[in-house]
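# Tertiary structure, described
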Amino acid sequence: MINELYQFDIEKGTHIIGVDEAGRGPLAGPVVAAAASLKEYSDVLQEINDSKKLTEKKREKLFDIIQEKFHIGVGIASVEEIDSMNILNATFLAMRRAIENLSENCSVDTLILVDGNFKIREFNGNQEPVIKGDAKSLSIAAASIIAKVTRDRIMIKESEKYPQYQFEKHKGYGTKAHRQAILKHGALDIHRKSFLTKILAKSEK
């Protein structure tokens, strides 16, 4: 049985790489991108879908399956890069790094499917943006899961160093508890200073 997301990729061509990111919105931590190129389709990939529609437990399970069934590249843009070049440009940087780190090199006929409505800036390969691509393309959905799980693991690791911020719960997103922790304990090196202007302004009043 062919997954409808895989059917989407088939109709795009024989050599597809899906690219997606995780972490554009949080107040802390890097932005992580992943590139995924299917080795061979099998029924174990039926459960793959937009990472946002899956539970954390299901994403963790699929992470290992995807690592086995896809060629994978991961790219990370740091907090410092986000603050210096803005989040959109840092996201494109992470995506370019993910493609560069893909274990399978791009060929002339490779089509990069990018989640969202923007092409990757400063990337010269053949590419096509796909709005809500993580719910349409198997390769993009696989990339979204790899990016999300990778970033979540980074933030869980940070929570061990800074338990008072509870990164393991909110993964750096701007929840009420996270904002209160920033006001109480101050900003860390892993916080995006360009995202904290309004929050820090409150603490100075």
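Refer to the structure printed above.
Residues numbered from 1 in each chain as written. Predicted model: local features only at pLDDT ≥ 70, side-chain atom pairs only at ≥ 80, totals over all residues. Heavy atoms only, no water.

Right, let's get into helix 2 (residues 56-69). Taking 1.5 Å of rise per residue, 14 residues should cover 20 Å, and helix 2 covers 20 Å from first to last C-alpha, within 8% of that figure. Turning to helix 2, its buried residues are Arg59, Leu62, Phe63, Ile65 and Ile66. Next to the buried residues of helix 2 lie strand 3 (70-77) and helix 5 (138-161). (Helix = DSSP H or I, 4+ residues; strand = E, 2+ residues; numbered from the N terminus. Expected span 1.5 Å × (residues − 1). Buried < 20%, exposed > 50% of the residue type's maximum accessible area, 1.4 Å probe, protein only. Contact = heavy atoms within 4.5 Å.)

Strand order in the open sheet formed by five strands is 3-2-1-4-5, with mixed pairing between adjacent strands. At either margin of the open sheet sits one strand with a lone partner, and together these are strand 3 and strand 5 (127-130). The average undirected angle you get between the axes of adjacent strands in this sheet is 20°. Relative to strand 3, helix 4 (residues 87-100) is tilted by about 145°, and along the sheet it contacts strand 1 (16-22), strand 2 (31-38), strand 3 and strand 4 (111-115). Packed on one face of the sheet, helix 5 meets strand 1, strand 2, strand 3, strand 4 and strand 5 and runs near 35° to strand 1. (Pairing = 2+ DSSP bridges. Axes fitted to C-alpha atoms, helices over the stretch in contact; angles between N-to-C directions.)

Moving on, we come to the pattern of salt bridges. Scanning all chains against the criterion turns up 11 salt bridges. Its salt-bridge partner being Asp134, residue Lys52 comes within 2.8 Å of it at the nearest N-O pair. With Lys52 in the loop between strand 2 and helix 2 and Asp134 in the loop between strand 5 and helix 5, this pair connects stretches of sequence that are 82 residues apart. According to the relative accessible area criterion, Lys52 is exposed, its value standing at 63%. Here Arg59 makes a salt bridge to Asp152, at a shortest N to O gap of 3.8 Å. One end of the pair, Arg59, is in helix 2; the other, Asp152, is in helix 5, and 93 residues separate them in sequence. (Salt bridge = Lys/Arg side-chain N within 4 Å of Asp/Glu carboxyl O.)

Judged by nonpolar contacts, the single largest core of 24 residues is most densely connected at Leu45, Ile48, Leu62, Ile66, Phe70, Leu138 and Ile145. Of all the secondary structure elements, the ones that give two or more residues to this core are strand 2, helix 2, strand 3 and helix 5. Examining the composition of this core, we find that eight residues originate from one element, helix 5, more than from any other. Residues contacting Ile48, with those up to four places away along its chain left out, are Asn3, Leu5, Leu62, Ile66, Phe70, Leu138, Ala141, Ala142 and Ile145. If you look at the next biggest cluster of nonpolar residues, it comprises 20 residues, including Ile82, Ala90, Leu93 and Met95. (Core = buried A, V, L, I, M, F, W, Y, C linked by side-chain atoms within 4.5 Å.)

It is worth spelling out the side chain of Gln127 at this point. Its location among the elements puts Gln127 in strand 5. Under the relative-accessibility criterion, Gln127 is labelled buried at 9%. Within the local environment of Gln127, its side chain forms a polar contact with the backbone nitrogen of Ile120, the two atoms lying 2.6 Å apart. When residues no more than four places from it in sequence are discounted, the contact partners of Gln127 are Leu111, Ile112, Val114, Lys119 and Ile120. (Polar contact = N/O pair within 3.5 Å; in protein donor to acceptor, adjacent residues only side chain to side chain.)

The next point concerns the side chain of Glu81. Tracing the backbone shows Glu81 in helix 3 (residues 79-85). Among the polar contacts made by the side chain of Glu81, one reaches the side chain of Arg97 at a distance of 2.8 Å. With near-sequence residues (within four places) excluded, Glu81 lies in contact with Ile76, Asn86, Ala90, Leu93 and Arg97.

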